[in-house]
Each structure stands twice: as structure tokens, then as C-alpha cells.
Amino acid sequence: MGLFQFVPARRVVPLVGMAMVMALAGTGGAAGGGGAAADADGAGRRSARWTETWGAAVQQPVEGDVDDVPNWSEKGFRHQSVRQVVRVSAGGARVRIRLSNRFGKAPLRVDGAVIARSGGGAQAWPGTTRKVTFRHSGRHSGATVIPAGGEAVGDAVRLSTSPLENLVVTLYFAGATGPATFHRAGLVTSYRASGNHLNDVPAKAYRQSSQSSYFLSGVDVSGPFRERRNTVVALGDSATDGVGSTPQAHGRYTDGLAERLAAARRKLGVVNAGIAGSMLLTSSSCFGEKGVTRFRRDVLDRPGVRTVIVELGANDVGANWATGPCFPSSHKPVSLRQITEGYRALIRAAHGRGIKVIGATLVPLRGYPGYSAKVERLRAQVNHWIRTSGAYDAVVDFDKALADPAHQDRPRPGYVYEDGLHPNDAGYQAIANAFDVWGL
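On a predicted model such as this, the values are computed, not experimentally measured, just so you know.

A. Main features of the overall build of the chain. For the chain, the helix and strand inventory stands at eight helices and 25 strands. Within the chain, the proportion of its 440 residues that are buried is 58%. Put simply, 81% of the contacts in the chain that link residues at least 6 apart link residues at least 24 apart. Of the accessible surface of the chain, which amounts to about 17000 Å², a share of 50% is contributed by carbon and sulfur atoms.

Here's what the structure looks like:
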């Protein structure tokens, strides 16, 4: 799968002026969570510090399967249970879930939710299933209704978790959900069953599978964390989303980084907020909202964020002169200055919240559709700015980690997926190894 996998276009938002980015540092308005409002537990008491241990950047529904793997986002769900597997990056004594109806056109009713340890595949570990409740007007219910465009945060449940273990989150929808807010390239199997199978331990009823995630946008843990903020968010495109890594193998660079942090006994959660095809300055019906728009939701509004890794711009550069169903007729090439102004807007917004910003250089683009000498010149200019401007608090050199020493414009042969562009598992591990785990 390349950075651009075209699907039927619906609506593309053109480039916006930087004036709109000023709203980035504002307080999120989603129902039920985000920011300080999400730091109270289900009983209304001030809780221990929350760290996001797993997360996904949500996208609008798209038609058709994804790389020949079933995609349920367009039709949504009705009288069905959806069981999703998540690997936590940090452990804790309690856990809670976040659900998103960001792209819903109507209120979403969730008729039940549970969380359990994974027994492998769609199986729950016996004796670990915990009912999730939601707080409404001082009362707690196992069902909730999420407004169109909103988010819900479940009450805290007692379930001890350890770094790098798998959990399963199961949602039941009695009525029709309509098209589902989802994350396309999940690379971990989700399961579906007809009827209410919330509390099933065996996997027998879960006969259908997908590699996308649906409505689930985050899993938080609380526990004896030493520092006030303990969440690291990776904002990016397919190089963050993990395109080219082996499905089910946890081969994204964020997975490798979480493993390195766990080995170093650093209690930090790592959230992957990558979207394959994502751009810094252009929204797309195919690849989601632009980085300067989704930054608040995908970074600032998550709990306990201490550091953000910004890996965006490769698609702005690679598709700078492109046309197609994912681009409006008004799409025009962007300049180095526009791209760096976009970076500066994200940096200002993060610094306004006391968040450290690490800039990632753009990966080699030789295998990119439409690659040209103009693309390579702009990539080199962007990378020079990232490395030398001093705008970021730190820089991680993805380009250097992946590039072939003999051919700097292309990835090292052992580090590249069969498409000639995306990293493979070894390439993503090389990126993870480029980080200073004590500098996060």
C-alpha cells in the first residue's frame, strides 16, 4: 500500500490560511473528555494522573474494502458486537476508554461496553471482563449516547495492566449506528459478531474480521506515575501509521519505541496518531483532516501529553504537483515557507500547553508516485529547515535512519517494503532506535 491509496472522493478541504491555526491551542469542545475535564474518574473524584496508553487518529468513513481487507465504516453496525484488540504501552491500576463520533451525522448510541485482558485473537481472558459505565448528570449507565461530532470517556474500571500486554474492548450496538468514525490502517485485527456478545469469553461468535478500528479513539491508564505528564503522541502520516509493517506483529516505529521505553523502565504511554496519506496543510476525503486541523484533537486534547513527535509533510511534498480524485481543482503547489509556517503553528500550539515538540525529518521519497527532481529538492529544503532552524525542541532524523548511504534519495534496501517507499519491520525498528528514550 502506497502513501496514496485512492478511494472514491467525497469532499476535499482546500488549504487554509494560518489564521485558522490560532484555534489550535484552545480548549476542546468534545462531549465527555479531553484536557482537564477528562482527569476526573467516574465517581467524580480527582483521580490519579491519567496516561494514554493506546490511541488512534480517527477518520471519516470511506467506501470499499481497504487493501482487500473488509472495511465496515460505511455501513456501520446494527445489532452487532465489535471486539477490538489494543496493545497498551504503559501499565496502570485502572483503565478507561475513549469513544469518538467525530464524523457521525447523528447521535451514536452505544448499548454496552466491556474491557478485558486478551486471551488471543477475539478471545477474552477468563475472569477479567469489566463492565464500562458512562457518567450522565451524576448517574452511571452501561449505555451512552455520543452527540454527532463528540467524544465520550468511560468511567475508570479497576483492571491492572502491564506494559505491552493486549486488551480487548468490546462494544455492542443494538440499533443502527450509521457510517462509523474509524481508523483505516489499524494493522491489528478487529472482530464482529451478530447480536449481543459483550461478555463472551470464547471467540466462537466473532466470525468476521477487519484490520481497521471503529469508534475507539483511546485507552487511558492511571497508576503511580512519577511525573505529572506521561503521554508521548506521534503525529504523522503512513510512516507513523506503520504502512509496510507486518500486520499483527506490532512493527510500527511507535511499537518499537514503546518496547524500548518499557525495557528502560520509563513509564510513558506512546500513542500512534498517524493516518496513512495525511498531509500537514491539506485535508482530504481519502486521507483525513490536515495536520494543522487535527492537531488539537489528536495531540492537545489527549490526557497527560508531555511530548509530541511531528512527522508530517512528506505527502505535502510528494503530492505537491499532483492531481486526482483526492484533491480539489484548486489544489496548488505549496512552498517551503508555507510548510515551515505550518510546522511553526503546531510548535506554538504545543508550547502553549507546555508540550515538548520533536521534529522528524522526511523519509526518502524515491519510490513515491510522481517522484521527480522537484520533489527531491523540496524534500531536501524541508529537511534542512527541520535540522537547522532551531524551531523544534529536538530532532529525530528519520531520513538518516532509513537512507541508503550510497543513494541518499532512496531507502536502504534492507529497510524498505516491497513498494520501494515505506519502511518494512527492520526500517521501522531503525527509526525507533534513532530516538533518545531519555529525551522524551
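B. Local environment of unusual backbone geometry. At Leu 164, a residue that is not glycine, the phi angle is positive and equals roughly 75°. Relative to the helices and strands, Leu 164 resides in the loop between strand E12 (157-161) and strand E13 (166-173). Positive phi outside glycine occurs at Leu 187, with the angle close to 65°. Looking at where Leu 187 falls in the secondary structure, it is placed in the loop between strand E14 (182-183) and strand E15 (190-194). Leu 187 gets classed as buried once you look at its relative accessible area, which sits at 16%.

C. Up close: the pattern of salt bridges. Taken as a whole, this structure holds 23 salt bridges when the rule is applied. A salt bridge links Arg 87 to Asp 255, with the shortest nitrogen-to-oxygen separation between them at 3.8 Å. One end of the pair, Arg 87, is in strand E2 (residues 80-87); the other, Asp 255, is in helix H2 (residues 253-263), with 168 residues separating them in the sequence. Classification of Arg 87 as buried rests on a relative accessible area of 14%. Here Glu 341 ties to Arg 337 by a salt bridge, and the two come within 3.2 Å at their closest N and O atoms. Taken together, the residues Glu 341 and Arg 337, both in helix H5 (residues 336-352) and four residues apart, mark about one turn of the helix. According to the relative accessible area criterion, Glu 341 is partly exposed, its value standing at 31%.

D. Up close: helix H3 (residues 291-300). Burial runs high along H3: seven of the 10 residues are buried. Buried residues of H3: Gly 291, Val 292, Arg 294, Phe 295, Asp 298, Val 299 and Leu 300, and no others. Buried residues in H3 make contact with strand E19 (231-236), strand E20 (269-274), strand E21 (305-311) and H5.

E. Main features of the side chain of His 183. For His 183, the location among the structural elements is in strand E14. Classification of His 183 as buried rests on a relative accessible area of 5%. There is a polar contact of 2.8 Å between the side chain of His 183 and the side chain of Asp 241. With residues near it in sequence (within four places) discarded, His 183 still touches Ala 56, Ala 57, Gln 59, Ser 212, Ser 213, Asp 241, Gly 274 and Ile 275.

F. Just the nonpolar core, in detail. In this structure, Phe 295, Val 308, Ile 339, Tyr 343 and Phe 435 are the most contacted members of the largest nonpolar core, which totals 65 residues. The dominant element in this core, judged by the number of residues it contributes, is H5, at six residues. Look past the residues within four positions of Ile 339 in its chain and what remains in contact with it is Leu 280, Leu 281, Asp 316, Val 317, Val 334, Leu 378 and Val 382. Ranked by size, the runner-up nonpolar core spans 34 residues in total, among them Val 95, Ile 146, Leu 171 and Phe 215.

G. Representation of the environment of Ala 322 in the model. Among the secondary structure elements, Ala 322 is positioned in the loop between helix H4 (314-318) and H5. Put simply, Ala 322 and Pro 333 are 11 residues apart on the chain and 8.4 Å apart in space, counted from C-alpha to C-alpha.

H. Fine view of helix H6 (residues 373-388). With 16 residues, H6 extends 22 Å from end C-alpha to end C-alpha; this agrees with the ideal 22 Å at 1.5 Å per step. Directly beyond the C-terminal end of H6, a positive phi value near 75° is found at Gly 390.

I. View of the packing of H3 against H5. It is at 10 Å that the axes of H3 and H5 come closest, and there the two elements cross at 25°. As the angle between them shows, H3 and H5 are arranged roughly parallel. Regarding H3 and H5, the two cross each other, and that crossing is right-handed. Contacts from Gly 291, Val 292, Phe 295 and Leu 300 in H3 reach Gly 342, Leu 346, Ala 349 and Ala 350 in H5. Among the residues making up the contact of H3 with H5, the classes are represented as six nonpolar, two polar and no charged.

J. Expanded view of the packing of aromatic side chains. A full pass over the atoms with the stated rule returns 13 aromatic pairs. Cluster of aromatic residues (ring-pair linked, three or more members): Trp 72, Phe 77, Phe 173, Phe 182, Tyr 214 and Phe 215. The aromatic ring of Trp 50 is capped on one face by Arg 96, whose charged end is 4.0 Å from the ring centroid. When the ring centre of Phe 103 is taken as origin, the NZ or CZ atom of Arg 102, which lies over that ring, is 4.8 Å away.

K. Looking closely at the environment of Leu 167. In this fold, Leu 167 is placed in strand E13. The class of Leu 167 is buried, set by a relative accessible area of 0%. Leave out the neighbours within four places in its chain, and Leu 167 touches Gln 84, Val 85, Val 86, Val 88, Val 95, Ile 115, Ala 116, Arg 117, Ser 118, Leu 159 and Thr 161.

L. Structural view of the pairing of E21. Most of E21 sits out of view: seven of its seven residues are buried. Bridge count for E19 against E21 is six bridges, and the pairing is parallel. Note on E21: the bridge partner recorded for Val 233 is Val 308. Pairing between E21 and strand E22 (residues 356-360): four bridges, direction parallel.

M. Seen up close, the sheet that holds E20. Ordered by their spatial adjacency, five strands build an open sheet running E20-E19-E21-E22-E23, and the pairing between neighbours is parallel. Two strands close off the open sheet at either side, each with one partner strand: E20 and strand E23 (394-396). Strand-to-strand, the axes of this sheet are offset by a mean angle of 20°, without reference to chain direction. Relative to the sheet, H3 contacts E19, E20 and E21, its axis offset from that of E19 by approximately 155°.

Thresholds applied
Residues numbered from 1 in each chain as written. Predicted model: local features only at pLDDT ≥ 70, side-chain atom pairs only at ≥ 80, totals over all residues. Heavy atoms only, no water. Helix = DSSP H or I, 4+ residues; strand = E, 2+ residues; numbered from the N terminus. Buried < 20%, exposed > 50% of the residue type's maximum accessible area, 1.4 Å probe, protein only. Contact = heavy atoms within 4.5 Å. Areas by Shrake-Rupley, 256 points an atom, 1.4 Å probe, with all protein chains shown as cover. Salt bridge = Lys/Arg side-chain N within 4 Å of Asp/Glu carboxyl O. Polar contact = N/O pair within 3.5 Å; in protein donor to acceptor, adjacent residues only side chain to side chain. Core = buried A, V, L, I, M, F, W, Y, C linked by side-chain atoms within 4.5 Å. Expected span 1.5 Å × (residues − 1). Axes fitted to C-alpha atoms, helices over the stretch in contact; angles between N-to-C directions. Parallel < 35°, antiparallel > 145°, perpendicular 65-115°, else oblique. Left-handed = near helix turned anticlockwise from the far one by under 90°. Nonpolar A, V, L, I, M, F, W, Y, C, P; charged D, E, K, R; others polar. Phe/Tyr/Trp six-rings, centres within 6.5 Å; stacked < 30°, edge-to-face > 60°. Lys NZ or Arg CZ within 6 Å of the ring centre and 35° of its normal. Pairing = 2+ DSSP bridges.

The values are spatial; any link to function lies outside them.
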